[in-house]
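Single-letter residue listing:
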Amino acid sequence: PLFVRTGRGMEPTPRAMTLGEPVARVLELVQTDILPAPEFRPAESTRTFVLCMSDIGEMVFLPRLLKFLDQEAPEVRIKTVALSTAELEEALASGEVDLAVGYFPGLEGAAIRRKALYRHSFVCIARADHPQIGDTLSLEQYLAAPHAMVRPEGRTQDILERAQERLGIRVNVRFSLPRFMGIPFIVAGSDTIAAVPLAVGRRFAEFVNVKLLPLPFPVPKYDLHLHWHSRFHQEPANRWMRNAMSEMVQGPQQHDPLQNTKRSARRRAT
């Protein structure tokens, strides 16, 4: 026994008195070496972060992230993967993937945490000198033109296709692709048009001769999120990367979708 009841209350036994000093040392060790989370020093780290994102994410997020890392964490490495929803949830839980960035509507496990980055929308792209389409796009022109369509499973294009179905809009899909990277070259080199996420359209307009046009019908906006597993919510490196991604990409696409097109036209004119 460590304590016994006496007339003055509970009193320590000699055994308890001898344990006092070693127990105090153990508690101090727990407080100083075990309980504090290790500090993450990005400027010194050589860690590889694994991010799950689509080709959209690679086009939109990675250039900004890499520019940030060059300044804040020059030895940190990035690896991107593309996984199904079931594979992704397991990978987040095991730590094989640090973060999922983008639109993952099926990633809804109880242990998955998420943070909205910004609301996004769609835009139509056509080659800048399209013979039938000028600075505006009517529904008749949209229906008459051949389309290039991306159909990645479970991705944002589902939102667009559902909106068209509700409105009874049926387009002439001439090209159907699993990824976005072929779209700008098809559109820039033909009379084909394509409806794409706004951020993707803007990236395309930076390196091929396409213009951005508002869609001639309403399409719901959608949220892009950061996703991570509760196991790593307090992990310093994971928390640092979440904060960095959030600061870099939150709200970057809030301008008039025609502004990039107008600037590109002015540059070509000069």
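Reference entry: report on the structure contained in this document.

Regarding the sheet that holds strand β5 (residues 99-102)
Strand pairing within a sheet occurs via backbone hydrogen bonds; the two strands may be parallel or antiparallel. In space, the five strands of this open sheet follow the order β4-β3-β5-β12-β6, with mixed pairing throughout. Each of the sheet's edge strands pairs with one partner strand only, and the pair in question is β4 (77-81) and β6 (112-120). Going from strand to strand, the sheet's axes swing by 25° on average, the running direction of each strand aside. Direction of pairing for strand β3 (residues 48-52) relative to β4: parallel, over a ladder of five bridges.

With respect to the pairing of strand β1 (residues 3-6)
Inspection of the sheet shows β1 paired to strand β2 (residues 9-12) by four bridges, in the antiparallel sense. The residue of β2 that forms the bridge with F3 is P12. With antiparallel pairing between neighbouring strands as the criterion, β1 and β2 make up a hairpin whose turn holds two residues.

Some details on the packing of aromatic side chains
Taken as a whole and judged by the stated rule, the model has nine aromatic pairs. Centroid distance F49 to W240: 6.2 Å. Interplanar angle 40°. Geometry classified as tilted. Here F49 is found in strand β3, whereas its partner W240 is found in helix α9 (residues 236-249), with 191 residues between them in sequence. Residues F49 and W240 agree in their burial class; the two are buried. With centroids separated by 5.4 Å and ring planes inclined at 50°, the aromatic side chains of F122 and Y222 adopt a geometry described as tilted.

Regarding the side chain of H120
Topologically, H120 is positioned in strand β6. Here L198 takes part through its backbone nitrogen, which lies 3.5 Å from a polar atom of the side chain of H120.

What about the environment of M10?
The topology assignment puts M10 in strand β2. The class for M10 is partly exposed, based on a relative accessible area of 46%. Those residues in contact with M10 that lie beyond four places of it in its chain are F3, V4 and R5.

Regarding empty space enclosed by the protein
One pass over the full model with this rule turns up two cavities of 30 Å³ or more. What the second largest cavity holds in volume is close to 30 Å³. Y142, H147, A148, M149, L160, Q164 and A195 are the residues that line the second largest cavity. For the lining of the second largest cavity, the elements supplying multiple residues, two or more each, are β8 (146-150) and α6 (157-166). Ranked by residue count, the leading element in the lining of the second largest cavity is β8, at three residues. Here the residues of the lining of the second largest cavity are counted per class, giving five nonpolar, two polar and no charged.

Brief notes about the side chain of R127
Mapped onto the secondary structure, R127 falls in strand β7 (residues 122-127). Engagement of the side chain of R127 in a polar contact is seen with the backbone oxygen of S190, the distance being 2.9 Å. Here D191 takes part through its side chain, which lies 2.7 Å from a polar atom of the side chain of R127. Not counting residues up to four positions away in its chain, the partners in contact with R127 are V187, A188, S190, D191, N209, V210 and K211.

Some thoughts on the pattern of salt bridges
By the definition in use, this model includes nine salt bridges. Where D223 meets R119, a salt bridge forms, and the shortest distance between an N and an O atom there is 2.9 Å. In this pair, D223 is assigned in strand β12 (residues 222-229) and R119 in strand β6, connecting sequence segments 104 residues apart. Since its relative accessible area comes to 27%, D223 is described here as partly exposed. The partner of R127 in a salt bridge is D191, and the shortest N-O contact between them spans 2.7 Å. Of this pair, R127 sits in strand β7 while D191 sits in the loop between α7 (183-188) and β10 (194-197), and the two are 64 residues apart along the sequence. R127 gets classed as buried once you look at its relative accessible area, which sits at 17%. A network of salt bridges, in which partner residues are shared, links R47, D98 and E235.

With respect to the nonpolar core
Residues F61, Y142, I183, F204, L215 and M245 are the most contacted members of the largest nonpolar core, which totals 67 residues. A per-element tally of this core places α9 first, with seven residues. Setting aside residues no more than four positions away along its own chain, F61 makes contact with M53, V101, L117, Y118, L224, M245 and V249. The next biggest cluster of nonpolar side chains, apart from the first, holds eleven residues, and it includes L88, L92, V97 and F104.

Criteria and thresholds
- Counting of residues starts from 1 at the beginning of each chain's written sequence and follows it residue by residue.
- Residues qualify for local features only when their pLDDT is at least 70, as the model is predicted, and side-chain atom pairs are given and counted only at 80 or more; totals for whole chains, interfaces and linings, by contrast, use all residues.
- Remark: hydrogens and water are excluded; side-chain values derive from all non-hydrogen atoms of the structure.
- Note on pairing: DSSP must find at least two bridges between two strands before they are called paired.
- The way it works is that DSSP assigns letters per residue, a run of H or I at least four long becomes a helix, a run of E at least two long becomes a strand, and they are numbered from the N terminus.
- Think of each axis as a best-fit line through the C-alpha atoms, taken over the contacting stretch in the case of a helix, with angles from 0 to 180 degrees between the N-to-C directions.
- Only rings of Phe, Tyr and Trp enter the pairing, Trp through its six-membered ring, and a pair is recorded when the two centres are within 6.5 Å. The plane angle decides the type: under 30 degrees is stacked, over 60 is edge-to-face, the rest tilted.
- Note on classification: 1.4 Å probe, protein chains only; a residue is buried when its accessible area is under 20% of the maximum for its type, exposed when over 50%, partly exposed between these limits.
- Here a polar contact means two N or O atoms within 3.5 Å. Within protein one must be a hydrogen donor candidate and the other an acceptor candidate, and residues neighboring in sequence count only if both atoms are side-chain atoms.
- Should any heavy atoms of two residues lie within 4.5 Å, those residues are counted as being in contact.
- For cavity detection a 1 Å grid was placed over the protein atoms alone, and a set of points counts as a cavity when a 1.4 Å probe fits there but cannot get out; an open set counts as a pocket when protein lies on both sides within 12 Å along at least five of seven lines, with lining residues being those that have an atom within 4 Å of a point.
- Grid points are joined across faces, edges and corners, and a volume is the space filled by probe spheres set on the points.
- Under the grouping applied here, Gly and all other residues not named as nonpolar or charged are polar, the nonpolar ones being Ala, Val, Leu, Ile, Met, Phe, Trp, Tyr, Cys and Pro and the charged ones Asp, Glu, Lys and Arg.
- In what follows, salt bridge is the name for a side-chain nitrogen of Lys or Arg lying within 4 Å of a carboxyl oxygen of Asp or Glu.
- Here, nonpolar core refers to any group of buried Ala, Val, Leu, Ile, Met, Phe, Trp, Tyr and Cys residues whose side-chain atoms link them within 4.5 Å.

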